Amino acid sequence: MGAKFSKDEIGEVIRRVITYYLRRREFHFERRKELFLVPRFPVGLQDLLAEFELYGELETVDFFLEEEGLEALDITGCRLYYMSDKKDVSYILNGLPVYERLELYDPSLDFLRAVKEGKEKDIAVKITLYFLMSGKSVVARLPYDMTALSAGTFGRSAKELKEDLGDMGMLFLDLKPGIGEFLPAGDDGNLTLVTEETVRQAHGRGRRLICAAKGAVITPLAAEKAKGCGISIIKG
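Now for a quick tour of the structure. (Residues numbered from 1 in each chain as written. Predicted model: local features only at pLDDT ≥ 70, side-chain atom pairs only at ≥ 80, totals over all residues. Heavy atoms only, no water.)

Counting 31 residues, the largest nonpolar core has L35, F64, L112 and M170 as its most contacted members. No other element matches helix α5 (residues 123–133), which puts 6 residues into this core. Core analysis: the second largest hydrophobic core is formed by 14 residues, F36, L48, L65 and Y82 among them. (Core = buried A, V, L, I, M, F, W, Y, C linked by side-chain atoms within 4.5 Å. Buried < 20%, exposed > 50% of the residue type's maximum accessible area, 1.4 Å probe, protein only. Helix = DSSP H or I, 4+ residues; strand = E, 2+ residues; numbered from the N terminus.)

Looking now at the environment of D88. Relative to the assigned elements, D88 resides in helix α3 (residues 86–94). Expressed as a C-alpha distance, the spacing of D88 and L65, which sit 23 residues apart in the sequence, is 10.0 Å. Leave out the neighbours within four places in its chain, and D88 touches F64, L80, Y81 and Y82. (Contact = heavy atoms within 4.5 Å.)

Turning next to the sheet that holds strand β3 (residues 79–82). Strand order in the open sheet made by the 6 strands is β3-β2-β1-β4-β5-β6, with parallel pairing throughout. Of all the strands in the sheet, the pair left with one neighbour each is β3 and β6 (170–174). Put simply, the sheet's adjacent strands are angled 25° from each other on average, direction ignored. Bridge count for strand β1 (residues 34–38) against strand β2 (residues 61–65) is 5 bridges, and the pairing is parallel. In the sheet register, L35 faces β2, and the bridge partner there is D62. Seen against the sheet, α5 touches β1, β2, β4 (101–105), β5 (137–142) and β6 and runs at an angle of roughly 140° to β4. (Pairing = 2+ DSSP bridges. Axes fitted to C-alpha atoms, helices over the stretch in contact; angles between N-to-C directions.)

Set out below in structure tokens:
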């Protein structure tokens, strides 16, 4: 007797297959470099890597890791660098201007507090502050919603921390990327004008791509904002 799959499992497979073929068939745009910072040994990173690999995103990603041993995850199409290796640290620091986007995978609250307080002695905090102060896109991926924690002292502290980091320019997303990160919204193709506000809204939703109409006008401020946020704008 064959294995039975739930509706959710079947729906997930259909979603990923459709996303893969839509992306491969319709969207070709300039590839941007992304730095993926993992300040501690990751839990559940394999699922995120599977999504990135499926949509061809790993080709543009470099991983900078605190812990060694991730070779077992069979990461393909990207390079691994370690904070314990002086040559790797030097390479990443010298190459920071190349990266358009920084992602933090499951950072601890202590790490996020260190970012808020500007404690640059930690190399990972120093890199995060560089991206924030440069106006580049910084995404923190968490397994929980900091604003949905209990109303006690800890919950209030976490909520205030998220608000403060949001004011600094940090965006918070789920550990596993949603379909909207890799594909444009359904009405994007009708856009005849792409403004800085268009890009700001897309960035706020964790989007990586804006697809406008063939003859759309892209304002200079929109183009500049998109570059800083690591968002690609394509026409037609």
